[in-house]
Amino acid sequence: MPRPRQPGRHRRPEPLVAPEGAPALVLAVPGTPSSTTRSLAEEVVSIARSELPGLDARIGYLDGDNAEFPSLQAVLVHAAEERTARYEQARAAGMDVKTPDGPVAVVVPLLAGPDGSLLRQVRQALMESRVAAELTDVLGPHPLLAEALHVRLSEAGLARADRARLFTVATAADGIILASVGGDEAVQAAGITGMLLAARLAVPVMAAALDQEGSIASVAEQLRSSGSQQLALAPYLIGPEIEPGLVEEAAKEAGCSAAESLGPYPAIGKLALAKYTTALGIAPQQAQSTPAR
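Described in the following lines is the structure provided in the data block. Every chain is numbered independently, its residues counted from 1 as its sequence is written. The predicted origin of the model limits local features to residues at a pLDDT of at least 70 and limits the giving and counting of side-chain atom pairs to 80 or more, whereas totals for whole chains, interfaces and linings rest on all residues. Derived side-chain values reflect all non-hydrogen atoms in the structure, with water molecules and hydrogen atoms excluded from consideration.

1. Quick look at the pairing of strand β3 (residues 105-109)
Across the 5 residues of β3, 5 count as buried, placing the element largely inside the fold. In this analysis, strands are considered paired if DSSP registers two or more bridges between them. Numbered from the N terminus, helices here are DSSP runs of H or I no shorter than four residues, and strands are runs of E no shorter than two. Here strand β1 (residues 24-29) runs beside β3; their pairing, made up of 5 bridges, is parallel. Bridge pairing links V26 to V107 in β3. Relative to strand β4 (residues 133-135), β3 runs parallel, the two being bridged by 3 bridges. Only protein chains enter the accessibility calculation, which uses a 1.4 Å probe; a residue whose area is less than 20% of its type maximum is buried, one above 50% is exposed, and one in between is partly exposed.

2. Let's talk about helix α1 (residues 35-51)
Expected span of a helix, by definition, is 1.5 Å for each gap between consecutive residues, and there is one gap fewer than residues. Over its 17 residues, α1 extends 25 Å from the first C-alpha to the last, a length consistent with the 24 Å expected when each residue adds 1.5 Å. Looking only at α1, the buried set comprises T37, L40, A41, V44, V45, I47 and A48. The arc enclosing the buried residues of α1, seen along the axis, measures out at 150°, which places them on a common side. For α1, exposure combined with an orientation more than 90 degrees from the buried face picks out T36 and S50. The directions from the helix axis to the C-beta atoms form the arc being described.

3. Thoughts on the packing of helix α2 (residues 72-92) against helix α3 (residues 116-129)
Note on geometry: axes are lines fitted to C-alpha atoms, helical ones only across the stretch in contact, with angles between N-to-C directions running from 0 to 180 degrees. Between α2 and α3, the least distance of the axes is 8 Å, while the angle of their chain directions is 40°. Judged on the interaxial angle alone, α3 and α2 are oblique. Both α2 and α3 take part in a crossing whose hand is right-handed. Facing α2, whose interface residues are L72, Q73, L76 and V77, α3 presents V122, A125, L126, E128 and S129. All amino acids are sorted into three groups, where Ala, Val, Leu, Ile, Met, Phe, Trp, Tyr, Cys and Pro are nonpolar, Asp, Glu, Lys and Arg are charged, and the leftover types, Gly among them, are polar. A class-by-class count of the residues in the contact of α2 with α3 yields 6 nonpolar, 2 polar and 1 charged. Should an angle fall under 35 degrees it is called roughly parallel, over 145 degrees roughly antiparallel, and 65 to 115 degrees roughly perpendicular, with every other angle called oblique. By convention, the crossing between two helices is left-handed when the near helix turns anticlockwise from the far helix through less than a right angle, and right-handed when the turn is clockwise. We call two residues contacting when some pair of their heavy atoms lies within 4.5 Å.

4. As for the environment of K275
Relative to the helices and strands, K275 resides in helix α8 (residues 266-280). In the structure, K275 is positioned 140 residues away from L135 in sequence and 9.4 Å away in space, judged by C-alpha atoms. Residues contacting K275, with those up to four places away along its chain left out, are V108, T136, D137, V138 and L139.

5. A look at the packing of α1 against α8
α8 packs onto α1 with a crossing angle of 60° between their chain directions and a minimal axis gap of 8 Å. On the basis of their axis angle, the class for α1 and α8 is oblique. Seen along the crossing, α1 lies across α8 with a hand that is right-handed. Note on element contacts: α8 touches α1 through P266, I268, G269, K270 and L273, opposite V44, I47, A48 and E51. Residue composition of the contact of α1 with α8, grouped by class: 6 nonpolar, 1 polar and 2 charged.

6. What to know about empty space enclosed by the protein
Computed over the protein atoms alone on a 1 Å grid, cavities are sets of points where a 1.4 Å probe fits but cannot get out and pockets are open sets with protein on both sides within 12 Å along at least five of seven lines; a residue lines them when it has an atom within 4 Å of a point. Grid points are joined across faces, edges and corners, and a volume is the space filled by probe spheres set on the points. Taken as a whole and assessed by the stated rule, the structure comprises 2 cavities of 30 Å³ or more. Put simply, the largest cavity is a space of about 70 Å³. What lines the largest cavity is G21, A22, P23, A24, D56, R58, A79, R83, R86, P103 and V104. Here the lining of the largest cavity takes 3 residues from α2, the largest share from any one element. Residue classes in the lining of the largest cavity are distributed as 6 nonpolar, 1 polar and 4 charged. One number sums up the size of the second largest cavity: a volume of about 50 Å³. Lining of the second largest cavity is provided by L111, A112, G113, P114, D115, S180, V181, A186, Y236, L237 and E241. A breakdown of the residues in the lining of the second largest cavity according to their chemical character gives 7 nonpolar, 2 polar and 2 charged.

7. Comments concerning the pattern of salt bridges
Here, a salt bridge means any Lys or Arg side-chain nitrogen found within 4 Å of an Asp or Glu carboxyl oxygen. Counted by the stated rule, this structure contains 4 salt bridges. A salt bridge links E68 to R38; its shortest N-O distance comes to 3.1 Å. With E68 in the loop between β2 (57-61) and α2 and R38 in helix α1, the pair connects residues that are 30 residues apart, well separated along the chain. With its nearest N and O atoms 2.5 Å apart, the salt bridge here joins R58 to E82. Of this pair, R58 sits in strand β2 while E82 sits in helix α2, and the two are 24 residues apart along the sequence. What you see here is one network of salt bridges that share partners, running through D56, R58 and E82.

So, to be careful, I would describe these as geometric facts and stop short of saying anything about function.
In structure tokens:
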């Protein structure tokens, strides 16, 4: 039970904790499993746990097939078996507990934007598990992702970290290619975050598809035709969803430098948790993006 709130004008808000018996948050990780992918996913769930104490967070791999990289289906089945076992143990101990109901897990795809092929894999895993689980939307579009893109660009020396500072960055791009995967739907969704990024940087931003031949080069040409001369490629990707080297190839095609993928940026963990809490109807404090200056 939450502690009584302290009276007074300057009282601190009570920290939110995961409800007892709440479903597990299962992060659905795309791509070929690897130690790098696992490290990234573990950092994302660690951020989510730090935001919501008591959270049962797990990782399932779309292409996992063993104990080291358990498949999403196996993780869901295991979560269901654990919930049933806890119930039966409580009954055996004479405790008055109600029969478990509701979803066993809330599955959050580790994707910045929609990717029909990968989302079909997630739905297939849920169906084959025969477990009551709820699937959330992907993480974007969201202002926090625009913030993350801005940070990755500034880390690569391709954008000013702060527009208000009285210095210039010689390598700062005057046009950004926002690279996504997932076809036209993903490009449209990335374009929404791209508008937020353009407002932060005060330069044009256009989305393109890494998985459509010629899309990156075409957008690069459009930006140059409109006056941008120093382009940069910003991956609207978390990382595991694409083959290594694809971003570098796209940057070479566009004749520009590229920032790193979003990776385990803190906003990713916060957005994954937000999808989970929204699905459960609980409301943690809203994460705020850093305003552009």
